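As a plain string of letters, each chain reads:
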Amino acid sequence: MTELDDSDIDPLALDVTGEQNVVNKDKSGTWEHEDLAQVKIKVIRGHTGGITSCQFCCQDNKALSSSNDKSCIIWDLESGEPIHTYEGHNRSVTSCCMSPDNTMFVSSSWDKSVIVWEVENGKILWQGSHDGVVTCCCFSNNGKYIASGSDLDNALNVWNVKDGTLLHKRKNHHDSTITSCAFSPNDERICTTSTDKTTKIWDIVSHNVTVTIKGHINVISACCFSQDERRLCTASWDKQLQIWDISTGMFRSEGPVTLSKGHEGSISSCKFSQDGSLLVSGSYDQTIVVWDSDNCIRKLTLKGHSDWVCGVDISEDTRWILSGSRDKTIRLWNIENSDNIPVVMENKKTMGLKIVKNWERQTTTNVLSTNPTVGINIYMNLRNAKSCYHTCSSM
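Residues numbered from 1 in each chain as written. Predicted model: local features only at pLDDT ≥ 70, side-chain atom pairs only at ≥ 80, totals over all residues. Heavy atoms only, no water.

Further remarks concern the environment of Gly311. For Gly311, the location among the structural elements is in strand S29 (residues 309-314). Judged by relative accessible area, Gly311 falls into the buried class, the value being 5%. The spacing of Gly311 and Ser53 is 258 residues in sequence and 4.6 Å in space, taken between C-alpha atoms. Once residues within four sequence positions are removed from consideration, Gly311 is found in contact with Cys54, Ser269, Leu322, Ser323 and Gly324. (Helix = DSSP H or I, 4+ residues; strand = E, 2+ residues; numbered from the N terminus. Buried < 20%, exposed > 50% of the residue type's maximum accessible area, 1.4 Å probe, protein only. Contact = heavy atoms within 4.5 Å.)

To continue, consider the packing of aromatic side chains. The geometry of an aromatic ring pair comes down to the distance between the two centres and the angle between the two planes. Applying the stated criterion across every chain, the model contains seven aromatic pairs. Judged by centre distance (5.8 Å) and plane angle (70 degrees), the rings of Tyr86 and Trp117 are edge-to-face. Taken as a pair, Tyr86 in strand S8 (residues 81-87) and Trp117 in strand S11 (residues 113-118) lie far apart in primary sequence, 31 residues in all. Each member of the pair, Tyr86 together with Trp117, is buried. With a centroid separation of 4.1 Å and an interplanar angle of 20 degrees, the aromatic rings of Tyr284 and Trp308 are classed as stacked. Pair noted here: Tyr284 is in the loop between strand S26 (278-283) and strand S27 (287-292) and Trp308 is in the loop between strand S28 (297-303) and S29, with a separation of 24 residues, a long-range link. Among the aromatic residues, those joined into a ring-pair cluster are Tyr86, Phe105 and Trp117. In this structure, Arg326 packs its charged tip against the face of Trp308, placed 4.0 Å from the ring centre. (Phe/Tyr/Trp six-rings, centres within 6.5 Å; stacked < 30°, edge-to-face > 60°. Lys NZ or Arg CZ within 6 Å of the ring centre and 35° of its normal.)

With respect to topology, four strands assemble into an open sheet ordered S17-S18-S19-S20, the strand pairing being antiparallel. Each edge of the open sheet is held by one strand with a lone partner, namely strand S17 (178-183) and strand S20 (208-214). When strand polarity is set aside, the average angle formed by the axes of neighbouring strands in this sheet is 20 degrees. (Pairing = 2+ DSSP bridges. Axes fitted to C-alpha atoms, helices over the stretch in contact; angles between N-to-C directions.)

Here the protein chain averages 84 in pLDDT, while 78% of its residues score no lower than 70. In this model, residues 1-26 is a region of pLDDT below 50 whose contacts with residues beyond four sequence positions or in other chains number 53 contacts. Counting contacts from residues 353-395, a segment whose pLDDT is below 50, to residues more than four positions away or on other chains yields 78 contacts. (pLDDT = per-residue confidence, 0-100.)

Under the criterion given, the structure shown has zero disulfides. Free of any disulfide, Cys54 has its nearest cysteine sulfur in Cys96, 8.1 Å distant. Take Cys57: it sits in no disulfide, and the sulfur closest to it among the cysteines is that of Cys58, at 4.0 Å. (Disulfide = S-S within 2.5 Å.)

A few words on the side chain of Asp69. Mapped onto the fold, Asp69 is located in the loop between strand S6 (62-67) and strand S7 (71-76). Here Asp69 sits buried without a salt bridge, and the closest side chain of opposite charge, Lys328, lies 8.8 Å off (N-O distance). There is a polar contact of 3.0 Å between the side chain of Asp69 and the backbone nitrogen of Thr48. When neighbours within four sequence positions are excluded, Asp69 is seen to be in contact with His47, Thr48 and Gly49. (Lys, Arg positive; Asp, Glu negative; His and termini not counted. Salt bridge = Lys/Arg side-chain N within 4 Å of Asp/Glu carboxyl O. Polar contact = N/O pair within 3.5 Å; in protein donor to acceptor, adjacent residues only side chain to side chain.)

A sheet is described by the order of its strands in space; here four strands give the open sequence S25-S26-S27-S28, paired in antiparallel fashion. Strands with a single pairing partner mark the edges of an open sheet, and in this sheet they are strand S25 (267-272) and S28. Taking each pair of neighbouring strands and ignoring which way they run, the sheet shows an average axis angle of 20 degrees. Note: S25 against S26, five bridges, orientation antiparallel. When the bridges of S26 are listed, Cys270 appears paired with Ser281.

So, on to the pattern of salt bridges. With the rule as written, the count across this model stands at seven salt bridges. The salt bridge partner of Asp131 is Lys171, with a shortest N-O separation of 3.2 Å. Taken together, the residues Asp131 in the loop between strand S12 (124-129) and strand S13 (134-139) and Lys171 in the loop between strand S16 (166-170) and S17 connect sequence positions 40 residues apart. As a salt-bridge pair, Arg319 and Glu336 come within 3.0 Å of each other at their nearest N and O atoms. Note that Arg319 is positioned in the loop between S29 and strand S30 (320-325) and Glu336 in the loop between strand S31 (329-334) and helix H2 (342-351), a separation of 17 residues in sequence. Among the residues examined, Arg319 registers a relative accessible area of 33% and is labelled partly exposed.

What follows covers unusual backbone geometry. Its identity is not glycine, yet Asp60 carries a phi of approximately 65 degrees, on the positive side. With respect to the helices, strands and loops of the structure, Asp60 is situated in the loop between strand S5 (51-57) and S6. In this structure Asp60 comes out as partly exposed when scored by relative accessible area, which is 25%.

Within the fold, Lys144 resides in the loop between S13 and strand S14 (145-150). On the basis of relative accessible area, Lys144 is assigned to the exposed category, the value being 51%. Taking C-alpha positions, Lys144 is 9.7 Å from Pro100, a pair spaced 44 residues apart along the chain. What Lys144 contacts, discounting residues up to four positions off in sequence, is Trp159, Asn160 and Val161.

Okay, here's the thing in structure tokens:
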């Protein structure tokens, strides 16, 4: 039997069988979990440096990753084999992002460059530059624009995808290094986060910062929008996730929902599921946490990486989690049966959260109980229900 270290063992297995479902670990992708595990894990190897970002692409059949080894790779997730390796940067690649039509992708690097690649043949379509290290990059949802952020000049750049024209250059957009950027689903706004502990939303039409958010007490490392554009999540080195209701502006008076009991280390990344029901976060504590974003509670924690988790993604059907780590591996986690895991079932029972809509009385009842048979009923008028949303706490 192949000797395994702790990082290869699935902590969510229901029983220890003594035999691991492990194929030759020299291959690019191998399933590494116990036979009765509820969460199956495929470990993908091929990068020679730490993974800096990863995402699903091509109808979730493939994945794109970037690495400190100066390369980006597109992987076939069925076989775990690399389809194409893209080399052109001369220093670590900090981030990568696939275009909506999967025909090209953008990468950013410590070499101060942004490169747009043609997926099929690996051709460099165009290249742009910043005055400092380019820390992040992303495609707009309509595929027409690319945003990138940097240190030194703390700039937000917006590029025309078609020909690489620099449309906007906002020097000193933040007071310190920009750590992440993301287009809103309707592509009208760009959100950026920074080591200056602020989050900014820049309006593409007016060319003005319309929102500046302060709430975290340490570096803000990542951000993501829900697809309905109601919520913005920010991740921080303060070990917290904060979810902001940006659709109504209520966050100005009520603040964010804070998820603070999931990670023991700095949080590096976050991603909402397509339907907004789940939120995934990765951390320097080497774990990935899946959150029930509707009820503001931790659903399960995924362990297996042996170094910082630097990137996460979730498939459109919410069955799969993708993670990349400084341990040079990409992991594919199958969570479709996670509701049957005892710890998840126990969390649901402990929370005992039910929302019963009584339309006749126009009230909402929240039943909070540590015992499913004993409840504390709190009645409130529907017009005040939103205040409950902002007082959810992670369990």
